[in-house]
Amino acid sequence: MSGYLLKNCAAVIVNDGTGPVVRRDVDLLTEGPAIKAIGKDLSTLPLPADTIVQDASGWFVYPGLVNTHHHFFQCFVRNHAELDWTALSVIEWLDRIYPIFSRLNEDCFYHSSVTAMAELIKHGCTTAFDHQYNFPRQAGKRLVDRQFEAAELFGMRFHAGRGGNTLPKSEGSTIPDEMLETTDEFIDDCARLIDTYHDAGAFSMRQVVVSPCQPVNSYRETFVESVRLARDKGVFLHTHVGEGESPVMEARHGLRTVDYLEEMGFAGPDTFYAHCWELTHDELGRMAASGTGVSHCPEPVYLVGAEVTDLPAMAALGVRVGLGCDGAASNDNSNLMHCLHSAYMLQCLVASTRKHPVPPPVDFLGYGTTGGASLLGRKDIGRLAPGMAADLFAIDTRRMDYVGTRHDPLSLIPRVGVGSVTDMTMINGRIVWQNGEFAGLDEAKLFADAEAALASVTI
């Protein structure tokens, strides 16, 4: 694979492992999937003949964003005004929307994944974790396989969260019968996917995470067997926690969700939870002690109308934090870059009510990069330095949008927000998006195919 020389970058966010710093007026050189060098006048070095030189004047170059919680299939169930979060609890909302989810077919799962990945890449996301827990019987079992197919189409680094629900409605869940699986079905397919796709090597493009959907909608044995399988196979664990279900769990099991999961061993440095807005200080402290991470999804907080996730407390306690878009049914977009801005602004909104101060804006950039890499157990992504994966995006700041902001590239995205798509996104040393186009792909056709798949079902 050829390399790229990005010449005359206005700023590169470099991190050698000790924290991000801004390097001005430098070049960035890639070789194959990795960053080779960052520095002045790299064109004077002996370069391979096939190195592609790219003028990067005016560009701010950032590490690629790492999305740690999403539901790609929900791109086909968004912008429906009647599905009003603000009038419903999370449990009531799930009761209403799950029957809609159950109507999707296999093609819908593929094309909704294409849709989500396209939007993520356009806005600087280079690694995505998706929590695919919806397995309608008529759609079959190869839905995650189709997601890997979509990721390969774009060249996206993809961590597949194989989710599932096992508790029937008759026993208190919100799951329609046509979406239910048995624990054995779920575990067997997790094992199949791990054996088929999981690659734990450097610069891996495909990994699998054992991700039962949520404790409130699955049997205890589903989580016990998930822990057993994940630890046996050496893969990570994920589920939803602390999004309004803890009172239900306490009434049902005599334990709040964090206690329930810890008791089964579904916690630790190989485990991360999504949301966690209703957790107590003590619960967060125990998660910090165990190394359990949190994927904070800021934009659903607007719609739920509940408390704002206490990121300052998490930061003070040392909880590992990454960022996620969450599903489009609760967010309506797949723009992780926008989530950096939302996450920071939400914390500012409630700062006067919190014990701990709001982390500085640069920390929110960290949540979306190094924080996400930590949650996924990746040491090769999330920062720009020689030897790291060449996952990055660039913004040409020579526009009116950025007048008055260019003195602080570290705070720009969280504090100011970026309203446009990137000028370039690179994954694993390959440019996948530049100048408004996906490399080698026809976006008009991708759009038409996705719309046709959506029209094939009744939403």
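What you are looking at is a predicted structure, and each value in this text was computed from that prediction instead of being measured.

**Considerations on the overall build of the chain**
Okay, so step 1: Within the chain, the regular secondary structure consists of 15 helices and 17 strands.
Okay, so step 2: Against the 2.2 N^0.38 benchmark of 23 Å for 459 residues, the chain shows a C-alpha radius of gyration of 21 Å, consistent with a compact globule.
Okay, so step 3: For the chain, the spread of C-alpha atoms along the three principal axes comes to 70 × 50 × 45 Å.
Okay, so step 4: Of all 459 residues assigned to the chain, the portion counted as buried reaches 61%.
Okay, so step 5: Contacts spanning at least 24 positions in sequence make up 77% of the contacts within the chain whose residues lie at least 6 apart.

**Examining the packing of aromatic side chains**
Okay, so step 1: Inspection of the entire model under this criterion finds 15 aromatic pairs.
Okay, so step 2: A ring pair is formed by Phe364 and Tyr367, whose centres lie 5.2 Å apart and whose planes are at 75°; its orientation type is edge-to-face. With Phe364 and Tyr367 both in helix H13 (residues 361-375), this residue pair falls three residues apart, about one helical turn.
Okay, so step 3: Classification of Tyr367 as buried rests on a relative accessible area of 10%.
Okay, so step 4: Through a chain of ring-to-ring contacts, the aromatic side chains of Phe73, Tyr98, Phe101, Phe109 and Tyr133 assemble into a single cluster.
Okay, so step 5: The ring of Phe135 is capped by Arg162, whose NZ or CZ atom sits 3.6 Å from the centre of that ring.

**Focus: unusual backbone geometry**
Okay, so step 1: Positive phi, normally seen in glycine, also occurs at Asn428, with a value near 55°.
Okay, so step 2: Within the element layout of this structure, Asn428 appears in the loop between strand E15 (424-427) and strand E16 (430-434).
Okay, so step 3: Its identity as a non-glycine residue notwithstanding, Asn435 has a phi of 55°, on the positive side.
Okay, so step 4: Among the secondary structure elements, Asn435 is positioned in the loop between E16 and strand E17 (437-438).

**Observations concerning the environment of Phe129**
Okay, so step 1: By secondary structure assignment, the location of Phe129 is in strand E7 (residues 125-132).
Okay, so step 2: Accessibility expressed as a relative area gives 0% for Phe129, which makes it buried.
Okay, so step 3: Setting aside residues no more than four positions away along its own chain, Phe129 makes contact with Asn67, Thr68, His69, His70, His159, Ala160, Gly161, Val209, Ser211, His238, Phe272 and Leu376.

**Considering the pairing of strand E12 (residues 293-296)**
Looking down a regular strand, the side chains alternate between one sheet face and the other.
Okay, so step 1: On E12, burial covers both faces: Gly293 and Ser295 on one face and Val294 and His296 on the other are all buried.
Okay, so step 2: Of the pairings in the sheet, the one linking strand E11 (residues 271-275) to E12 comprises three bridges and is parallel in character. The partner of Ala274 across the bridge, within E12, is Ser295.
Okay, so step 3: Handedness of the crossover joining E11 and E12 through helix H8 (residues 281-290): right-handed.
Okay, so step 4: As paired elements, E12 and strand E13 (residues 321-323) share three bridges and run parallel to each other. Bridge pairing in E13 links His296 to Leu323.

**Here's the deal with the nonpolar core**
Okay, so step 1: One finds Tyr62, Tyr98, Phe101, Phe154, Met156 and Val210 to be the most contacted residues of the largest nonpolar core, which totals 116 residues.
Okay, so step 2: Examining the composition of this core, we find that nine residues originate from one element, helix H2 (residues 106-122), more than from any other.
Okay, so step 3: When sequence neighbours within four positions are dropped, the list of residues in contact with Val210 reads Arg162, Phe186, Cys190, Ile194, Ser226, Leu229, Ala230, Val235, Phe236, Leu237 and His238.
Okay, so step 4: Ranked by size, the runner-up nonpolar core spans 19 residues in total, among them Val61, Leu384, Ala390 and Leu392.

Conventions and cut-offs
- Residues numbered from 1 in each chain as written.
- Predicted model: local features only at pLDDT ≥ 70, side-chain atom pairs only at ≥ 80, totals over all residues.
- Heavy atoms only, no water.
- Helix = DSSP H or I, 4+ residues; strand = E, 2+ residues; numbered from the N terminus.
- Rg over C-alpha atoms; globule rule 2.2 N^0.38 Å.
- Buried < 20%, exposed > 50% of the residue type's maximum accessible area, 1.4 Å probe, protein only.
- Contact = heavy atoms within 4.5 Å.
- Phe/Tyr/Trp six-rings, centres within 6.5 Å; stacked < 30°, edge-to-face > 60°.
- Lys NZ or Arg CZ within 6 Å of the ring centre and 35° of its normal.
- Pairing = 2+ DSSP bridges.
- Right-handed = clockwise from strand over helix to strand, strands pointing away.
- Core = buried A, V, L, I, M, F, W, Y, C linked by side-chain atoms within 4.5 Å.

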